[in-house]
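So the chains spell out like this:
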Amino acid sequence: MQIRNIAIIAHVDHGKTTLVDQMLRQAGVFRANQLVGERVLDSNPLERERGITILSKNTAVRWGDTKINIVDTPGHADFGGEVERILRMVDGFLLLVDAAEGPMPQTRFVAGKALALGLKPIVLVNKIDRQDAEPLRVHDEVLELFLDLEATPEQFNSPFLYTSGRAGTATFDLKKPGTDLTPLFQTIVDTIPAPLADPDGPFQMLVSTLDYSSYLGRIAIGRIERGRVRVGETVALLPLGAPGPLGDAPYEQARVVKLFGFDGLERVEQQSAEAGDIVALAGLAGVEIGKTVTAPDYLERLAGIAVEEPTISVDCKVNDSPFAGREGKFVTGRQLRERLFKELERNVALRVEETDDPQTFTVSGRGELHLGILMETMRREGYEFQVSRPRIIPREGPDGERLEPYEELMIDIPEGYLGVVMEQLGPRRAELLDMRNPGAGTVRMRFKIPARGLLGYRSEFLTDTRGTGIMHHRFLQYGPWAGPLSGRRRGVMVADREGVAVAYALFNLQERGTMFVRPGDPVYEGMIVGETARAEDMDVNPAKEKKLSNMRTTASDEMIVLEPPRLVTLELALEYIEDDELIEVTPSSIRLRKRALGATERRKLARNARAAEES
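Here's what I pulled together on the structure shown here.

About the cut-offs
- Residues numbered from 1 in each chain as written.
- Predicted model: local features only at pLDDT ≥ 70, side-chain atom pairs only at ≥ 80, totals over all residues.
- Heavy atoms only, no water.
- Helix = DSSP H or I, 4+ residues; strand = E, 2+ residues; numbered from the N terminus.
- Buried < 20%, exposed > 50% of the residue type's maximum accessible area, 1.4 Å probe, protein only.
- Polar contact = N/O pair within 3.5 Å; in protein donor to acceptor, adjacent residues only side chain to side chain.
- Contact = heavy atoms within 4.5 Å.
- Pairing = 2+ DSSP bridges.
- Axes fitted to C-alpha atoms, helices over the stretch in contact; angles between N-to-C directions.
- Parallel < 35°, antiparallel > 145°, perpendicular 65-115°, else oblique.
- Left-handed = near helix turned anticlockwise from the far one by under 90°.
- Nonpolar A, V, L, I, M, F, W, Y, C, P; charged D, E, K, R; others polar.

## Focus on the side chain of Asp-315
On the secondary structure map, Asp-315 appears in strand β20 (residues 312-318). By relative accessible area, which is 18% here, Asp-315 ends up buried. A polar contact is formed between the side chain of Asp-315 and the side chain of Arg-391, at a distance of 2.7 Å. In this structure Asp-315 touches Thr-360, Phe-361, Thr-362, Gln-386, Val-387, Ser-388 and Arg-391, once residues within four positions along its chain are discounted.

Rendered as structure tokens:
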């Protein structure tokens, strides 16, 4: 049985998961009457809700006498850590590019990583059935991208196919429409090299990803680089470190309890596996991503997995609001600490540090979405906690200067909104790199912007473009400190007492701004219940009821009509809050609050802050 190991990489929403589902369907992995569009690989509830891939997944199909191991990877830059470790398991990759949008920021980021590792590409211009598709233009843009990324001549001359993931077709020539994915399968077999692995040497495998089973404990997944492994054999688990012989360093020994291969969507138990195949090993208690598993008599480490450092951090602390403990199952500092450190086992791009306060932990990640997905997962598991405003992680340059992370921001907007977007990005220190007008009334702009400047911009952008704009960004580089940036321009309404929000009070308050609560929601002193139209914060009473009297008026029986409140999601909350505010996250609600709950205490802190600035 021949083996081919490939990853599918692309920008978010370019159709990776849909194409993999069609590959599984046409290889006969599951029944023909499976619902089309039911993304089989996106099994996580959060993935199904958001329509994006968050965790990379292994699957395999058989084509003739060849087993093709396929890894579906996330498209969001925030989950780049998932992609970086997966690329060590494969020998080639399918680069998927939308036939209308062309190469986007994440395409460049991931393709650069894969080409630098020497992997062989196959380019798929996908969604050729779109009305605005321009596959020939996109073909040229991909070749320009390969030139920019310094691809080798062999990588540059990679095969191009034109595909429709939804219809499950592929063709080399646009004049001859495809009928199925046979050309793609054949190209994978012909183009992607077989794994360069020695089946006769001593066993060696790098752990690229982890899974967990309540029966078997941690399960190590990776590609066997050399030799073969059998169930029941004793193996050595080497600690993280430089590649080469282990020397006198201590190591663990363990026995392979179970061995799994991948076949379609299933994990198949097998007795042995040999070099080149992607397998899952159970029985290694102390296994971590990046560690090497070897034969006990040949202790040689493989190069570990290099993952880029996080660029953004938040403080995660125990909930101490007046409503603490009402809705959550896990509310103590010990439980919060255990859950955060457990996440480190699988999430290689995440960092968790303890602070001077035993109830507070600093969590660092790749972006707001990366951290938001972790928090959303935790609240669904029953955790209750509070989160601070995200802040960027600065670095020190070679001459001691202060550096901060910059992002590459790509924006697609209708021409009419060009002025307002440029006006908003100016104070955020964005620098325009290029601007194109591909026609159809839309403009594409590419900016370099400090990561701080993007915090809180997405919701403003959607408002300014009436929901018609599209923005994507990815980490670009560390650059010089950009100086002070303007924060949120509007103040907030802060509840001045505990109670329950009443329609009568909200009706009077909605004239002054946008509400975050609806009638019947419990509120407490210091909780943010809305946004004002002015720049200053305002203390309000959302629980104020109408005075009852025995006098009838014509207005007494009028219907109170309330505007729908703004829905506060975790991502919106992370973008919205300021330094003196916190997000209270519980399994059933997300609330915004001030750090100092009492109005007198807040005024005192503001006075001290002004005095400190003047001095």
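Okay, back to it.
## Section: unusual backbone geometry
Phi angles above zero are rare outside glycine, and Glu-150 is one such case at about 55°. Inspection of the secondary structure puts Glu-150 in the loop between α5 (135-148) and α6 (153-156). The backbone of Arg-429 sits at a positive phi, close to 60°, despite the residue not being glycine. Of note, Arg-429 is situated in the loop between α10 (418-425) and β27 (431-439).

## A short note on the sheet that holds strand β13 (residues 252-255)
Spatial ordering of the open sheet is given by β13-β11-β18-β8-β9-β17-β14-β15, a layout of eight strands whose pairing is antiparallel. Looking along the sheet, the strands with just one partner apiece sit at the ends: β13 and β15 (266-269). For this sheet the average axis-to-axis angle between neighbouring strands, irrespective of direction, equals 40°. With three bridges joining them, strand β11 (residues 234-238) and strand β18 (residues 292-294) adopt antiparallel strand pairing. Paired with Leu-238 across the bridge in β18 is Thr-292.

## What about the packing of α10 against helix α12 (residues 457-464)?
At a closest axis distance of 10 Å, the pairing of α10 and α12 adopts a crossing angle of 160°. When the axes of α10 and α12 are compared, the pair comes out roughly antiparallel. Regarding α10 and α12, the two cross each other, and that crossing is right-handed. Residues Val-420, Val-421, Gln-424 and Leu-425 of α10 form the contact with α12, whose participating residues are Tyr-457, Glu-460, Phe-461 and Asp-464. For the contact of α10 with α12, the residue count by class is five nonpolar, one polar and two charged.

## Some words on the side chain of Thr-169
Locating Thr-169 in the fold gives a position in strand β7 (residues 169-171). What Thr-169 contacts, discounting residues up to four positions off in sequence, is Tyr-162, Thr-163, Ser-164, Gly-178, Thr-179, Asp-180 and Leu-181.

## Topic: the environment of Leu-570
Along the polypeptide, Leu-570 turns up in helix α14 (residues 570-576). In this structure the C-alpha to C-alpha distance between Leu-570 and Ile-583, which are 13 residues apart in sequence, comes to 8.3 Å.

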